[in-house]
Each structure stands twice: as C-alpha cells, then as structure tokens.
Amino acid sequence: MKKLVPFLAACLLLVLSSYIRPLAGYQVGDKAADFKLKNVDGKMVSLADNKTTKGYIVVFTCNTCPYAQAYESRIIALHQKYASQGYPVVAINPNDPGMATGESFAAMQTRAKTKNYPFPYLVDETQQVAQTYGATRTPHLYVLTRQGTGNEFKVSYIGAIDDNSEDAKQVKIKYVENAMTEILAGKPASTSSTKAVGCGIKWRKA
Amino acid sequence: MNPLKYLFLAAALLLMLPSQAQQVALIKLPDLQKRLNRKTDTTYVINFWATWCAPCIKELPYFEQINTTYAKQKVKVLLVSMDYASQLDKKVKPFVLKRGLKSEVVLLNETDPNTWMDKVDGKWSGALPFTLLINNSKQKRMAYEKEFTQPELTAALQKFLQ
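Residues numbered from 1 in each chain as written. Chains lettered and ligands numbered in written order. Predicted model: local features only at pLDDT ≥ 70, side-chain atom pairs only at ≥ 80, totals over all residues. Heavy atoms only, no water.

Looking at an unreviewed UniProt entry, one finds chain B named TlpA family protein disulfide reductase and attributed to Hymenobacter volaticus.

Looking at an unreviewed UniProt entry, chain A carries the name Thioredoxin family protein, with the source organism given as Hymenobacter volaticus.

Below, the structure written as structure tokens:
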C-alpha cells in the first residue's frame, strides 16, 4: 500500500502533465513574460535590455524546418521594416538538439552567419520560454507591445506571417504587416490570431 | 515458368507501377470535410503529415500497421499530406510508392491554413504531425497534436474503439 501511493501520484502527475502543455500559452491580450536566453554570439539577451523599443516581434523558428526556411527571408524583411519603427525581431530556437542534430547551438551559429541574421537568434535550452508562450511549431510568431515606459509587454498578435508559405510572391494577405499597421497606429489588430502549418517543436523526451 | 508467364508478370508489374503512383488525390477542404463528416460506424484514423516532417515519417509505419491489426474491424486510415500541391509528382507520389503505403493518401490542396484549419479541428494549432480519431455514428472525436510512439497510438485507438 505504501508503495502504491507514490506510484499513483506519479501516474496522476503523468496524466496531468500530458494535458498541461496544450492548455498553457498566451492568448492575445495576455501579459508576456520576459526571458533571458543565450544568443548565437554567446551573450545573454532579454526583452528588458533595450529600453527604447515599443515592442518586439518574437518568432520561434529553427534551422531545419522547411517552413522556417521558407519564411527566413520574410522574417529578415520584417526586422528591416519594423526595427526602425520600434519593433525589432527576436528569433528563438526552441527545438531540443538531442531530437534533431541540425538544431545544435553550433548549427544555429552557422545558420545565423550564412543568412546574415540582423537580429538575435536565441537558444531556448530548457524549452521553458516556448512552453510559457504556448509555441507549438516553427515558425510561430508573437508581436509584443510595451506597456508604458516600463518592461511590461502585452501580446498583440499571435500566429502566421502571411497566407502563403510556399511562395512569397503569391501572398495575398500579409497577416503580420496588417496587424503591425494597426498596432503602430495604437489600435488593436483586427485579425490578431491566425493559424499556420509548421514543424512541430521537437520537445525533449521526458 | 514459361516465357508467356514472364511476359504477363512483367506487363502486370508495369501496369501496377503507374496506377500505384497515381493514388494520391489532390483534394480541397470541402472534400476533406465530407470525409470527416461521414455518418458511418467506421472509425477513421486521420493523420496529417508531410514528406518533409521527420517525426511524421517516423510514425507513418504505426498508422500503416493499423490496416493489418484492425483488418477485421471497421477502422480506416487516411493519410492527409500537407505537402505543397506543386510537390505532388516530384515528392509525394514517389514517397508513397517507395514506402509502399497501403493506406489511402490524399493531399490537401489549400494555401492559407488560417481559412481552413479551424474547420478541420479547432484544437489544431498547425504543428505536424496531427491526428484525428473520428467515429460519427458514435459521435466520438479525439485530436492529438503530437508524435505518437507505437504503444501510444495503439492505446489511443484501443480506448477510442471501446
């Protein structure tokens, strides 16, 4: 009997933990937590580091996913367009390199260098940030808006970059850009949450 | 074996190859919805996958296995490829042929997931692989946005069929 209690507790925990992940994560309007993650240059980066931004475009992406690769230059273009308007891109790789070797820190450094990333490319080693945000796939994008002058951020947009991952030239609706136009005008995004196909995040096996 | 039989066999093989390679149908959302809403007591195991998705490819044999394990029960596997329609002949058909997939394979030919994903399932965030278990006559439906191990898939289906 004594042995049964911890066993049952473990079972319960296992059952609960398998339910917790999909439920967690941000909805538009939620307060977003800051993080401190290692950049490809070895330095630690957090949202609070830069006091002058109006917000951030946080994108969970990775090295090997064809969807992430298809969007890579469009993510760079987002940074080039919006960093000067106060919303720089911060890219985070949430994949466990143990599950996919192409996602190692060294491979991230190579990717960032080859593609000349103009933004930080951070490693979410414990996968805690991705879980807190509720990221499920790559790429998965969050627009955060700074509240007042402090270091509080609110989630203004979650989802897809645009409506055509295969071909940037065929895009009809630029979801993030449409949202950014409204956000920069101080209005809430009228389409604030969108869905997209992507590579499931490679979660560490428990 | 006499030469005629050889000829016959060769012809049969030649005929089989292209017919197998063309099994992957391009479908639009309404076609998929029709399949998801069939009012039968067959249990549908619908797996959304892609040739570029490593975890999807890893779990495909487990879905294939269902065809044999549950051959005597009303269980049907449908593999819905999320590859781009432009990759049908170049990647998807050769993949299906090479792996000798026995389950029905279709390719969902839609570009903007934001217009159709919620209509497939509200619980789907867009990550692959994604799997639905559906039995409309029993009004049962389960959604899994995860990569299955074989025991996990067996357990999920067993529980669903009970």
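Chemist: Residues and numbers for the sheet that holds strand 6 (residues 130–135) of chain B, please.
Modeler: Residues and elements named next belong to chain B. The six strands lie next to each other as 1-4-3-2-6-7, forming an open sheet whose pairing is mixed. Only two strands of the sheet have a single neighbouring strand rather than two, namely strand 1 (25–27) and strand 7 (140–144). With direction set aside, neighbouring strand axes in the sheet form an average angle of 25°. (Pairing = 2+ DSSP bridges. Helix = DSSP H or I, 4+ residues; strand = E, 2+ residues; numbered from the N terminus. Axes fitted to C-alpha atoms, helices over the stretch in contact; angles between N-to-C directions.)

Chemist: Summarise the sheet that holds strand 4 (residues 55–60) of chain A; cite the residues concerned and give the values.
Modeler: All names here are of chain A. The sheet built from eight strands is open, its strands ordered 1-9-8-4-5-6-2-3 with mixed pairing. Among the strands making up the open sheet, the edge pair consists of strand 1 (31–32) and strand 3 (44–45). In terms of strand pairing, strand 8 (residues 140–147) meets strand 9 (residues 152–159) through seven bridges, oriented antiparallel. Each residue of the ladder has a partner; that of Y142, found in strand 9, is I158. The sheet strands contacting helix 2 (residues 66–82) are strand 4, strand 5 (89–93) and strand 8, and the helix crosses strand 5 at an angle near 150°. On the sheet, helix 3 (residues 105–114) packs against strand 2 (37–39), strand 5 and strand 6 (121–123) and is oriented at approximately 175° with respect to strand 6. (Contact = heavy atoms within 4.5 Å.)

Chemist: Tell me what's going on with the packing of helix 2 (residues 29–36) of chain B against helix 5 (residues 113–120) of chain B, and back it up with residues and numbers.
Modeler: Residue and element names in this part refer to chain B. Helix 5 packs onto helix 2 with a crossing angle of 10° between their chain directions and a minimal axis gap of 11 Å. By the angle class used here, helix 2 and helix 5 are roughly parallel. Listed contacts from helix 5 to L29, L32, Q33 and L36 of helix 2 are W116, K119 and V120. Looking at the contact of helix 2 with helix 5 residue by residue, the classes come out as five nonpolar, one polar and one charged. (Parallel < 35°, antiparallel > 145°, perpendicular 65-115°, else oblique. Nonpolar A, V, L, I, M, F, W, Y, C, P; charged D, E, K, R; others polar.)

Chemist: Give me the pairing of strand 5 of chain A: which residues, what numbers.
Modeler: Two faces belong to every sheet, and in a regular strand the side chains alternate between them. Residues and elements named next belong to chain A. Most of strand 5 sits inside the fold, with five of its five residues counted as buried. A two-sided burial pattern is seen for strand 5, the buried positions comprising V89, A91 and N93 on one face and V90 and I92 on the other. A crossover links strand 4 with its parallel partner strand 5, the connecting element being helix 2, and its sense is right-handed. As judged from the three bridges shared by strand 5 and strand 6, these two strands associate in the parallel manner. Bridge assignment links I92 to a residue of strand 6, and that residue is L122. After leaving strand 5, the chain enters helix 3 and then returns to the sheet as strand 6, a path that is right-handed. (Buried < 20%, exposed > 50% of the residue type's maximum accessible area, 1.4 Å probe, protein only. Right-handed = clockwise from strand over helix to strand, strands pointing away.)

Chemist: Talk me through the interface of chain B and chain A; I want residue IDs and the actual numbers.
Modeler: The partner chain A presents 20 residues to the 21 residues of chain B that form the contact. Both sides together, the interface formed by chain B and chain A hides about 1,700 Å², and carbon and sulfur atoms give 53% of it. When residues of chain B are sorted by the area they lose upon contact with chain A, W52, Y84 and N114 of chain B head the list and together hold 36% of the total. On inspection of chain B and its partner chain A, the count reaches one salt bridge. We note a salt bridge from K195 of chain A to D118 of chain B, for which the minimum N-O separation is 2.7 Å. The biggest single contributor to the side of chain B that touches chain A is helix 5 of chain B, with five residues. As judged from the two bridges shared by strand 10 (residues 198–200) of chain A and strand 5 (residues 127–128) of chain B, these two strands associate in the parallel manner. Across the sheet, residue C199 of chain A finds its bridge partner in strand 5 of chain B, namely L128 of chain B. (Buried area = accessible area lost by both parts, 1.4 Å probe. Salt bridge = Lys/Arg side-chain N within 4 Å of Asp/Glu carboxyl O.)

Chemist: Before we move on, could you go through the state of the cysteines and cite the residues and values that matter?
Modeler: Summed over all chains, the structure comprises two disulfides over all chains. One disulfide bridge connects C65 of chain A with C199 of chain A, the sulfur atoms lying 2.0 Å from each other. For the disulfide bridge between C65 of chain A and C199 of chain A, the dihedral angle about the S-S bond is near 80°, and by the sign convention the bridge is right-handed. Here C65 of chain A is found in the loop between strand 4 and helix 2, whereas its partner C199 of chain A is found in strand 10, with 134 residues between them in sequence. Both residues of the pair, C65 of chain A and C199 of chain A, belong to the buried class. For C53 of chain B, the disulfide goes to C56 of chain B, at an S-S distance of 2.1 Å. Judged by the torsion about the S-S bond (75°), the C53 of chain B/C56 of chain B disulfide is right-handed. This cysteine, C62 of chain A, is not joined by any disulfide, and C65 of chain A carries the nearest cysteine sulfur, 4.9 Å off. A relative accessible area of 2% places C62 of chain A in the buried class. (Disulfide = S-S within 2.5 Å.)

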